[in-house]
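Secondary and tertiary structure notes
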Amino acid sequence: MTLNSKLAKLLNEQINNEMSSSYIYLAMAAWFEQTPYTGFATWMFNQSREETMHALKFYQYVVDRDAAVVLQPIAKPKADFKNPIDVFEHSLKQEQKVTQQINDLFEVAEQVKDHASKNLLLWFLNEQMEEEKSVRDMLDRLKLAGNDPASLLVLDREAGQRKAATGGEADAAA
Ligand code: FEO
């Protein structure tokens, strides 16, 4: 089944959106590296890697569907933040934006009755739900910790223990 041209264009855009996300998280990791919060830096670095894996998953899907991959420039990410809460608030907004993008893609896949694409996008919708939840949970706890250094360091240590994505999970779901 030939990939619908509108869907192919949007899937290509999503490669760029995910690479942009990866860059945004890498900038957040770099910002944390300039602070005492090395655990949050690790969290953001691992998130950046996950977003690259997402981009590659879309890339492989477009290739597997025998459509052309067209790569676009990646925008410069925001590099200045006020504090850890500010970073995680931007992270949550970023994830909500991506969820909307995937939702829009799913609707187009549904309109053109492309069930294979719907299957791929369902995996991403579940992934987005998990990502929004983990960012929201951390944000809630950061707000609870406020300016208490001891509480912030506990959260930082925990964030540093977050496992890096291997991409295996994404492959298994493909
Ligand atoms: Fe791949 Fe978190 O968007």
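Quick caveat: nothing in here was measured; it's all calculated off a predicted structure. (Residues numbered from 1 in each chain as written. Predicted model: local features only at pLDDT ≥ 70, side-chain atom pairs only at ≥ 80, totals over all residues. Heavy atoms only, no water.)

1. With respect to a nonpolar patch on the surface
There is a patch of nonpolar side chains on the surface, built from Y23, L26, F45 and I74 and spanning about 340 Å² of accessible area. Along the chain, I74 turns up in the loop between α2 (38-64) and α3 (84-111). Under the relative-accessibility criterion, I74 is labelled partly exposed at 35%. (Patch = residues over 30% accessible without salt bridge, like charges linked within 9 Å, V, L, I, M, F, W, Y side chains within 5 Å. Areas by Shrake-Rupley, 256 points an atom, 1.4 Å probe, with all protein chains shown as cover. Salt bridge = Lys/Arg side-chain N within 4 Å of Asp/Glu carboxyl O. Helix = DSSP H or I, 4+ residues; strand = E, 2+ residues; numbered from the N terminus. Buried < 20%, exposed > 50% of the residue type's maximum accessible area, 1.4 Å probe, protein only.)

2. Description of the packing of helix α1 (residues 5-33) against α3
One can describe the packing of α1 onto α3 by two numbers: an axis separation of 11 Å at closest approach and a directional angle of 170°. One way to sum up the angle between α1 and α3 is to call them roughly antiparallel. Considered class by class, the residues forming the contact of α1 with α3 number 16 nonpolar, eight polar and three charged. (Axes fitted to C-alpha atoms, helices over the stretch in contact; angles between N-to-C directions. Parallel < 35°, antiparallel > 145°, perpendicular 65-115°, else oblique. Nonpolar A, V, L, I, M, F, W, Y, C, P; charged D, E, K, R; others polar.)

3. Some thoughts on the packing of α3 against helix α4 (residues 115-145)
Orientation of α3 relative to α4, taken along the N-to-C sense of each, is 160°, at an axis distance of 9 Å. Between α3 and α4, the angle is such that the two are roughly antiparallel. Handedness of the crossing formed by α3 with α4: left-handed. Of the residues contributing to the contact of α3 with α4, the split by class is 17 nonpolar, six polar and eight charged. (Left-handed = near helix turned anticlockwise from the far one by under 90°.)

4. Some remarks on the packing of aromatic side chains
Per the stated rule, a full pass over the model turns up 10 aromatic pairs. Aromatic pair F32 and Y37: ring centres 6.4 Å apart, planes at 90°, arrangement edge-to-face. Exposure remark for F32: the relative accessible area of 0% places this residue in the buried category. Assessed through its relative accessible area of 16%, Y37 is described here as buried. Through pairs of rings, three or more aromatic residues link up here, namely W31, F32, Y37, F40, W43, F81 and F88. Taking the ring centre of F81 as reference, the NZ or CZ of K78 above it sits at 5.2 Å. Of note, R162 hangs over the ring of W43, and the distance from its end group to the ring centre comes to 4.5 Å. (Phe/Tyr/Trp six-rings, centres within 6.5 Å; stacked < 30°, edge-to-face > 60°. Lys NZ or Arg CZ within 6 Å of the ring centre and 35° of its normal.)

5. Quick look at the confidence of the model for the chain
Residues with a pLDDT of 70 or more make up 94% of the chain, whose mean pLDDT is 94. Every residue in residues 166-174 scores below 50 in pLDDT, and together they form eight contacts with partners more than four places removed in sequence or on other chains. (pLDDT = per-residue confidence, 0-100. Contact = heavy atoms within 4.5 Å.)

6. Some thoughts on the pattern of salt bridges
Within the structure shown, the criterion is met by seven salt bridges. With a shortest N-O distance of 3.3 Å, E50 and R162 are connected by a salt bridge. With E50 in helix α2 and R162 in the loop between α5 (149-160) and α6 (168-173), the pair connects residues that are 112 residues apart, well separated along the chain. Neither residue differs from the other here; E50 and R162 are each classed as buried. With a closest N to O distance of 3.9 Å, E89 and K143 form a salt bridge. Within this pair, whereas E89 is found in helix α3, its partner K143 is found in helix α4, the two being separated by 54 residues in sequence. Given the relative accessible area of 31%, E89 is considered partly exposed.

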